[in-house]
Amino acid sequence: MATKDAKAQEAARKLEEYIEKIHYSERYSDDEYEYRHVILPKPLFKMIPKHFFNPDNSGTLRLLSEEEWRGIGITQSLGWEHYEVHAPEPHVLLFRRPKNYDQVQAAMNGRNAAGKQPAKRK
């Protein structure tokens, strides 16, 4: 049992080490979206569950849901979607979100907070 525990602890330590080495690009944009790419360390890429990959055996990831990409250690603010894979470099994931997403969300949250009525006391 002790060796299984030691192996599990070592695997978890390596996973954390790989997650710390994920590279997040600066944001760039066009008229509609802001973009960024995320580069996974190759050892982390090799640890991704097989069902996250395209069934065509191309070695590329399928488009991942937010829950899936967060589950492999990618951390970003809200609103990002994994929208494309880069076949020549499958460990590079491409993300986008609507331009000015942060400002729109802040404005909506401000409106929601302003529109709330205080609770009535009986």
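To be clear, the structure that these remarks concern was listed above.
Please read all numbers here as calculations on a predicted model, not as lab measurements. (Residues numbered from 1 in each chain as written. Predicted model: local features only at pLDDT ≥ 70, side-chain atom pairs only at ≥ 80, totals over all residues. Heavy atoms only, no water.)

Side note on the nonpolar core
Line of reasoning, step 1. Counting 17 residues, the largest nonpolar core has Leu40, Ile48, Leu61 and Ile74 as the members making the most contacts within it.
Line of reasoning, step 2. Breaking this core down by element, the ones donating at least two residues are α2 (42–47) and β5 (92–98).
Line of reasoning, step 3. Beyond its immediate sequence surroundings of up to four residues, Ile48 is in contact with Leu40, Phe53, Leu61 and Ile72. (Core = buried A, V, L, I, M, F, W, Y, C linked by side-chain atoms within 4.5 Å. Buried < 20%, exposed > 50% of the residue type's maximum accessible area, 1.4 Å probe, protein only. Helix = DSSP H or I, 4+ residues; strand = E, 2+ residues; numbered from the N terminus. Contact = heavy atoms within 4.5 Å.)

What about unusual backbone geometry?
Line of reasoning, step 1. Its identity is not glycine, yet Asn57 carries a phi of approximately 60°, on the positive side.
Line of reasoning, step 2. In this structure, Asn57 sits in the loop between α2 and α3 (66–71).

Re the pairing of strand β4 (residues 81–85)
Line of reasoning, step 1. As judged from the four bridges shared by β4 and β5, these two strands associate in the antiparallel manner. Note on β5: the bridge partner recorded for Val85 is Leu93.
Line of reasoning, step 2. Where β4 hands over to β5, the hairpin turn is made up of six residues, counted between the paired strands. (Pairing = 2+ DSSP bridges.)

What about the pattern of salt bridges?
Side-chain pairs of opposite charge can arise where the charged atoms are in close proximity.
Line of reasoning, step 1. With the rule as written, the count across this model stands at eight salt bridges.
Line of reasoning, step 2. Residue Glu10 is joined to Arg13 by a salt bridge in which the shortest nitrogen-to-oxygen separation is 2.6 Å. Separated by three residues within a single helix, Glu10 and Arg13 lie in helix α1 (residues 2–20), roughly one turn from each other.
Line of reasoning, step 3. One salt bridge connects Glu66 with Arg70, and the closest N-O pair in it is separated by 2.8 Å. A residue pair is termed a helical-turn pair when its members lie 3 or 4 positions apart in one helix, as Glu66 and Arg70 do in helix α3 at four residues.
Line of reasoning, step 4. Through salt bridges with shared partners, a single ionic network connects Glu10, Arg13, Glu17 and Lys21. (Salt bridge = Lys/Arg side-chain N within 4 Å of Asp/Glu carboxyl O.)

Details of the pairing of strand β3 (residues 33–39)
Line of reasoning, step 1. Of all seven residues making up β3, five are buried, and the element is well covered by its neighbours.
Line of reasoning, step 2. Looking at chain direction, strand β1 (residues 23–24) and β3 are connected through two bridges and run antiparallel. Along β3, the bridge assignment pairs His23 with Ile39.
Line of reasoning, step 3. Pairing between strand β2 (residues 28–29) and β3: two bridges, direction antiparallel. Within β3, the residue paired with Ser29 across the bridge is Glu34.
Line of reasoning, step 4. Examined bridge by bridge, β3 and β5 share seven bridges and lie antiparallel to one another.

Read these as spatial facts, not as claims about activity.
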